[in-house]
Amino acid sequence: MSANPILIVGEHLNGVPRAVSLEMIAATRQVVANSGAEVVVAVFGANVAEVAAAFAAAEGVDQVLTVSHDALVPFLAGPWTAAVSDLARQVNPGLILVPASITGRDYAARVAARLGMAMASDAIALDVNDAGDLVVTRAVLGARAHTLVTVAGQAPLLVTIAPGAFAASHAATTPAPIDAREVAIDDTDQRVRLVSSVNHTGGAKGITEAERIVAGGRGLGKAENFALVEELAVAMKAAVGASGATVGAGWRSHADQVGSTGHAVSPALYVAVGISGAPQHLVGMADSEWVVAINRDPQAPMFAIADFGIVGDLFDVVPELTRQLRQ
Amino acid sequence: MREEGPRIAVLIKAVVDPTAVTIDGTSGIVTVGPERVLNTYDAYGLATAIDLKEQHGATVTAMAAGPVATQDVLLRSLAIGADLAIWLDTGDQHQLESLELARLLAGLITDRGFDLVIAGQSTEDYESGQTGPQVAELLGLPHVSLVTQVDLEGRELTINRDAEGTKDVVAVDLPAMLMVLTGRNGEQRYPTLRGMMTARKQGVERVSVAGPQTSGRMTWSEPRAVQREAHGEILSDVPPAEAASRLIVWLKEKRLI
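Everything quoted here is computed from the prediction, not taken from an experiment.

Novice: Tell me about helix 6 (residues 240–253) of chain B, and name the residues and values.
Specialist: Its 14 residues place the ends of helix 6 of chain B 20 Å apart at the C-alpha level, agreeing with the 20 Å of an ideal helix rising 1.5 Å per residue. What helix 6 of chain B keeps buried is the set Ala243(B), Ala244(B), Leu247(B), Ile248(B), Trp250(B) and Leu251(B). Buried residues of helix 6 of chain B, viewed axially, fall in a sector of 160°; they line one side. With respect to the buried face of helix 6 of chain B, the exposed residues turned more than 90 degrees away are Lys252(B) and Glu253(B). Close packing links the buried residues of helix 6 of chain B with helix 6 (226–236), strand 15 (269–273), strand 16 (290–295), strand 17 (308–311) and helix 10 (314–326) of chain A together with strand 15 (233–236) of chain B.

Novice: Provide a residue-level description of the interface of chain A and chain B, including the pertinent values.
Specialist: Counting residues at the interface gives 77 residues for chain A and 78 residues for chain B. A combined buried area of about 6800 Å² lies between chain A and chain B, and 57% of that area is made up of carbon and sulfur atoms. At the boundary of chain A and chain B, one finds six salt bridges. Between Glu137(B) and Arg110(A) there is a salt bridge, with its nearest N and O atoms 2.8 Å apart.

Novice: Tell me about the side chain of Arg110(A), and name the residues and values.
Specialist: Residue position: Arg110(A) is located in helix 5 (residues 104–115). Polar side-chain contacts of Arg110(A) include one of 2.9 Å to the side chain of His143(B). Once you skip the residues sitting within four places of it in the chain, Arg110(A) turns out to touch Thr81(A), Pro133(B), Ala136(B), Glu137(B), Leu141(B), Pro142(B) and His143(B).

Novice: Any details on the packing of aromatic side chains? Residues and values, ideally.
Specialist: The way to describe two aromatic rings as a pair is by their centre distance and the angle between their planes. Taken as a whole and assessed by the stated rule, the structure comprises six aromatic pairs over all chains. Each ring, one from Phe75(A) and one from Tyr107(A), has its centre 6.1 Å from the other, and the planes form 50°; the classification is tilted. Residue Phe75(A) is found in the loop between strand 5 (63–68) and helix 4 (77–91), and its partner Tyr107(A) is found in helix 5; the two are separated by 32 residues along the sequence. For the pair formed by Phe75(A) and Tyr107(A), the shared burial category is buried. With centroids separated by 5.7 Å and ring planes inclined at 85°, the aromatic side chains of Trp290(A) and Trp250(B) adopt a geometry described as edge-to-face. Taken together, the positions of Trp290(A) in strand 16 and Trp250(B) in helix 6 put the pair across two chains. Judged by relative accessible area, Trp290(A) falls into the partly exposed class, the value being 24%.

Novice: Give me the lowdown on helix 1 (residues 19–27) of chain A, citing residues and values where you can.
Specialist: Along helix 1 of chain A, seven of the nine residues are buried, which leaves the element largely enclosed by surrounding structure. Those residues of helix 1 of chain A that fall on the buried side of the exposure criterion are Val20(A), Ser21(A), Glu23(A), Met24(A), Ile25(A), Ala26(A) and Ala27(A).

Novice: Give me the lowdown on empty space enclosed by the protein, citing residues and values where you can.
Specialist: As enumerated under the stated definition, the model contains five cavities of 30 Å³ or more in all. Quantified by volume, the largest cavity comes out at close to 170 Å³. Contributing to the lining of the largest cavity are 19 residues, with Ala77(A), Gly78(A), Val192(A), Pro142(B) and His143(B) lying nearest its centre. Residues of the lining of the largest cavity, tallied by class, amount to eight nonpolar, five polar and six charged. Taken as a whole, the second largest cavity holds about 100 Å³ of empty space.

Novice: An account of unusual backbone geometry is requested, with residue identities and associated values reported.
Specialist: Trans peptide bonds make up the majority, and among non-glycine residues the majority have a negative phi. A cis geometry characterises the amide bond from Val73(A) onward to Pro74(A), with omega recorded as -5°. Within the secondary structure, Pro74(A) sits in the loop between strand 5 and helix 4. For Arg255(B), which is not glycine, the phi torsion reads 55° and is therefore positive. The topology assignment puts Arg255(B) in the segment after helix 6.

Novice: Describe the sheet that holds strand 7 (residues 84–89) of chain B, with residues and values.
Specialist: Here 10 strands make up an open sheet; going across it, the order is 12(A)-11(B)-10(B)-9(B)-12(B)-8(B)-1(B)-6(B)-7(B)-13(B) and the pairing mixed. Among the strands making up the open sheet, the edge pair consists of strand 12 (193–199) of chain A together with strand 13 (205–208) of chain B. For this sheet the average axis-to-axis angle between neighbouring strands, irrespective of direction, equals 30°. Where strand 6 (residues 59–66) of chain B meets strand 7 of chain B, six bridges bridge the pair, whose relative direction is parallel. Looking at the pairing, Ala62(B) lines up with Ala85(B) of strand 7 of chain B. Each of strand 1 (7–11), strand 6, strand 8 (116–120), strand 9 (143–153) and strand 12 (176–180) of chain B is contacted by helix 1 (residues 40–56) of chain B, which is oriented at about 145° to strand 8 of chain B, the strand it contacts most.

Novice: Go over the environment of Leu178(B) with me, naming the residues and quoting the values.
Specialist: All names here are of chain B. For leucine 178, the location among the structural elements is in strand 12. Look at leucine 178 and you get buried, because its relative accessible area is 0%. As a C-alpha pair, leucine 178 and glycine 81 span 97 residues in sequence and 19 Å in three-dimensional space. Excluding residues that lie within four positions of it along the chain, leucine 178 makes contacts with Leu116, Val117, Ile118, Ala119, Val144, Val147, Val150, Leu157 and Ile159.

Novice: Go over the sheet that holds strand 13 (residues 212–216) of chain A with me, naming the residues and quoting the values.
Specialist: Read from one edge of the open sheet, six strands run 14(A)-13(A)-15(A)-16(A)-17(A)-15(B), paired in parallel fashion. Here the strands that pair on one side only, and so sit at the sheet edges, are strand 14 (239–242) of chain A together with strand 15 of chain B. Neighbour-to-neighbour, the strand axes of the sheet open up by a mean angle of 15°, direction not taken into account. Bridge count for strand 15 of chain A against strand 16 of chain A is five bridges, and the pairing is parallel. Across the sheet, the residue bridging to Tyr270(A) is Val291(A), located in strand 16 of chain A. Most of the contacts of helix 6 of chain A go to strand 13 of chain A, to which it runs at about 170°, and overall it touches strand 13, strand 14 and strand 15 of chain A. Sitting on the sheet, helix 6 of chain B touches strand 15, strand 16 and strand 17 of chain A together with strand 15 of chain B, and the angle it makes with strand 17 of chain A is about 175°.

Conventions used here
- Residues numbered from 1 in each chain as written.
- Chains lettered and ligands numbered in written order.
- Predicted model: local features only at pLDDT ≥ 70, side-chain atom pairs only at ≥ 80, totals over all residues.
- Heavy atoms only, no water.
- Helix = DSSP H or I, 4+ residues; strand = E, 2+ residues; numbered from the N terminus.
- Expected span 1.5 Å × (residues − 1).
- Buried < 20%, exposed > 50% of the residue type's maximum accessible area, 1.4 Å probe, protein only.
- Arc of directions from axis to C-beta.
- Contact = heavy atoms within 4.5 Å.
- Buried area = accessible area lost by both parts, 1.4 Å probe.
- Salt bridge = Lys/Arg side-chain N within 4 Å of Asp/Glu carboxyl O.
- Polar contact = N/O pair within 3.5 Å; in protein donor to acceptor, adjacent residues only side chain to side chain.
- Phe/Tyr/Trp six-rings, centres within 6.5 Å; stacked < 30°, edge-to-face > 60°.
- 1 Å grid on protein atoms, 1.4 Å probe; cavity = no way out; pocket = protein on both sides within 12 Å on 5 of 7 lines; lining within 4 Å.
- Points joined across faces, edges and corners; volume = space filled by probe spheres on them.
- Nonpolar A, V, L, I, M, F, W, Y, C, P; charged D, E, K, R; others polar.
- Pairing = 2+ DSSP bridges.
- Axes fitted to C-alpha atoms, helices over the stretch in contact; angles between N-to-C directions.

Here it is in structure tokens:
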């Protein structure tokens, strides 16, 4: 590991840091312990003073850089690619961390290509091996397995961090300094023009606005079994969500899909039924306040982020739960 | 084949067949079979390209890099309606970095000349979603991700996309790159028997990749099933009725119901 700084893109949503952003700071702990690298959090947007202060107050942050530019709001991949790349050239990091959010996934790979950096997506662990090489753990094959990506010593690396994999950073005793930086965003990075943008649900309470969501996954076995999820959702006054695998299989419409290729949701309660918890799914729901997992497989990654879990056959548990809720 | 429409390159991946993955419960060893299938998002990308072909007389070239089994998936693409299929034979270099793969694909695309590049949003097996944006970057093209609908008028594309929390419409001029999420109402196209016969007759063009293409700065371990630690209250071996009632008590405590 070089002692070049670690640059974290501190994404935020509605004026507060994304949960994964604070988790990313904690994710650097082992790398910092090994290399002594400084942790720099960059906050991009329009009015970012308040968000910058929130990042500066997190433990493990050495410096916060703010980048304000009109082209950064609303989000488009081109201007963000330009801004993150330009700031990275100024900071010269050995490691860049980007959240594996729906937006982060849209510019991270382009930034890595622009800077010629190695890249690994959806990291759930970040370690340093005996040789001093960075080792990134990622979940693959629908989260059924992990693979380790080892990056040789000095190669600059960009990693996207899966939500829910690390505990959020605590508050620091002294806040880190905040400095403003300028970046250049060329016209070539602004060739995509936003014509219109409307909320997904158009007024109706769909999954992106629901207070409670019951979501079903591949564990349901077939499309017809989604009835179990629908009945539970009615009993809980919840909206119905679906994993990417079930939408890909044609069981549910894309409008219901939660995850990196679907929607991001943040309800008070998220009940995952037969969903293993691939990082690509967690990306869409890890900001939920309370998570309940029902799954036959005790190794399902969803249990790692669940506040309450039932290891059992969903075909026994879910109808029983619906029956008791109706009473 | 009409000459005047846009030239479209569709990037395809022959992904690991999810039904060909087995996990040994005790050792955690994951075995991946040799079977490959057309990545679902790429199937939507291909359908989007063929829509444009029908509307504007585009030429559609399906391209895929990978092992031998990739050829079958490319034949399927021809049978579905692609005009040409090119297989970038990477031999057994399955451990290519996404940026190295993107360089190979971008080189091929530049060689052949294209107005529009279409890829699926992600892949179903390794799910990194890196290659598409990296190809766009190397070609100097703007990219639009999470595409659900595409309309072309002259050289201008109007694109519907599912962004985070919003449904957006964006516009961009050719040349450009699109990463397709579902395409036209999530409808795929399927090969006909006649299409399969014609595809076999036409065949897949093979482009061999000379020499090793990897810098060796990244290495990947074989996939392993691994345990993760839980932090919440997890009930195991509890009868369904009791588990359900304990969950309801917990939900009431948290004022969630």
